[in-house]
Amino acid sequence: MRVRPIFWLLLAFSCVAALTLAALWPVQVPAVLRVHVTEEPPLRVGTTRLQLQLTDPQGTPIEQAQVSSSAWMPDMVMGPTPIHIRQEGHGSYSVLVFFSMPGAWAIKIEARAKGFTPQQEILHLEVA
């Protein structure tokens, strides 16, 4: 039995297309985001420091990530809260949050890095 040349071309085109798609399609690896509150509870009104550690699943630190954060009081309507984020190296980031009043606070931290799945963590804290 003889296979027509058009089917050989179709097979070759399919293989090349599949390999090209596999080479160009970005693979997203999950990152691990760990958040640690450096202050001992109860937290006080004023500036508090949070320590972030961003690693890949094998524990290798992720450098040059874009970390963003926002803080709010779930029970109140209020303006933006000042937050300062600083990269310290070796996958470590520090977040300085200013708590303007006592009560329940929520802090959302998002981290994005090239080649990794974006991560998000929401902390619920009580400020005295």
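None of the values given here were measured: they were computed from a predicted structure.

1. Overview of the overall build of the protein chain
- When helices and strands are counted, the protein chain shows 1 helix and 9 strands.
- Along the protein chain, from the amino end to the carboxyl end, the secondary structure elements read α-β-β-β-β-β-β-β-β-β.
- The C-alpha atoms of the protein chain give 23 Å as radius of gyration, which overshoots the globular expectation for 128 residues (14 Å, by more than 25%).
- Once the C-alpha set of the protein chain is aligned to its principal axes, its extents read approximately 85 × 35 × 20 Å.
- By residue count, 28% of the 128 residues in the protein chain fall in the buried class.
- Across the protein chain, contacts joining residues at least 24 apart in sequence account for 61% of those joining residues at least 6 apart.
- Carbon together with sulfur atoms contributes 63% to the accessible area of the protein chain, which is approximately 8800 Å² in total.
- Once the 9 positive and 9 negative side-chain charges of the protein chain are each reduced to a mean point, those two points are 18 Å apart.

2. Digging into the sheet that holds strand β7 (residues 103-112)
- Spatial strand order, β4-β7-β9: 3 strands in an open sheet with antiparallel pairing. Unpaired on one side and paired on the other, β4 (66-72) and β9 (119-127) mark the two borders of the sheet. Averaged over neighbouring strand pairs, the angle between their axes works out to 15 degrees when direction is ignored.

3. Points about unusual backbone geometry
- Although it is not a glycine, Gln-64 sits at a positive phi angle of roughly 60 degrees.
- You can see Gln-64 is positioned in the loop between β3 (46-55) and β4.
- Of note, His-90 is a non-glycine position whose phi angle comes to about 55 degrees, a positive value.
- Its location among the elements puts His-90 in the loop between β5 (83-89) and β6 (92-99).
- A residue is classified by how much of its surface remains accessible, and His-90, at 64% relative accessible area, is exposed.

4. With respect to empty space enclosed by the protein
- Under the criterion given, the structure shown has 1 cavity of 30 Å³ or more.
- The calculated volume of the largest cavity comes to roughly 40 Å³.
- In this structure, the largest cavity is lined by Ala-31, Leu-54, Ile-62, Ala-111, Arg-112, Ala-113, Phe-116, Thr-117, Pro-118 and Gln-119.
- Only β7 and β8 (116-117) provide two or more residues apiece to the lining of the largest cavity.

5. What to know about the pattern of salt bridges
- Taken as a whole and assessed by the stated rule, the structure comprises 2 salt bridges.
- In this structure, the salt-bridge partner of Glu-88 is Arg-49, at a minimum N-O distance of 3.0 Å. Of this pair, Glu-88 sits in strand β5 while Arg-49 sits in strand β3, and the two are 39 residues apart along the sequence.
- Across the pair Glu-88 and Arg-86 runs a salt bridge whose closest N-O atoms are separated by 3.0 Å.

6. Quick notes on the sheet that holds strand β2 (residues 32-37)
- Read across the sheet, 4 strands follow the order β2-β3-β6-β5 without closing on themselves; strand pairing throughout is antiparallel. On the outer flanks of this sheet lie β2 and β5, each paired with one strand and no other. For this sheet the average axis-to-axis angle between neighbouring strands, irrespective of direction, equals 25 degrees.
- Note that β5 and β6 share 6 bridges and pair antiparallel. From the neighbouring strand, His-84 faces β6, where its bridge partner is Leu-96.

7. Here we look at a nonpolar patch on the surface
- Nonpolar side chains collect at one region of the surface, where Val-3, Ile-6, Phe-7, Trp-8, Leu-9, Leu-10 and Leu-11 lie side by side and expose about 760 Å² of accessible area between them.
- As for its placement among the helices and strands, Ile-6 is situated in helix α1 (residues 5-24).

What counts and how
Residues numbered from 1 in each chain as written. Predicted model: local features only at pLDDT ≥ 70, side-chain atom pairs only at ≥ 80, totals over all residues. Heavy atoms only, no water. Helix = DSSP H or I, 4+ residues; strand = E, 2+ residues; numbered from the N terminus. Rg over C-alpha atoms; globule rule 2.2 N^0.38 Å. Buried < 20%, exposed > 50% of the residue type's maximum accessible area, 1.4 Å probe, protein only. Contact = heavy atoms within 4.5 Å. Areas by Shrake-Rupley, 256 points an atom, 1.4 Å probe, with all protein chains shown as cover. Lys, Arg positive; Asp, Glu negative; His and termini not counted. Charge placed at Lys NZ, Arg CZ, Asp CG, Glu CD. Pairing = 2+ DSSP bridges. Axes fitted to C-alpha atoms, helices over the stretch in contact; angles between N-to-C directions. 1 Å grid on protein atoms, 1.4 Å probe; cavity = no way out; pocket = protein on both sides within 12 Å on 5 of 7 lines; lining within 4 Å. Points joined across faces, edges and corners; volume = space filled by probe spheres on them. Salt bridge = Lys/Arg side-chain N within 4 Å of Asp/Glu carboxyl O. Patch = residues over 30% accessible without salt bridge, like charges linked within 9 Å, V, L, I, M, F, W, Y side chains within 5 Å.

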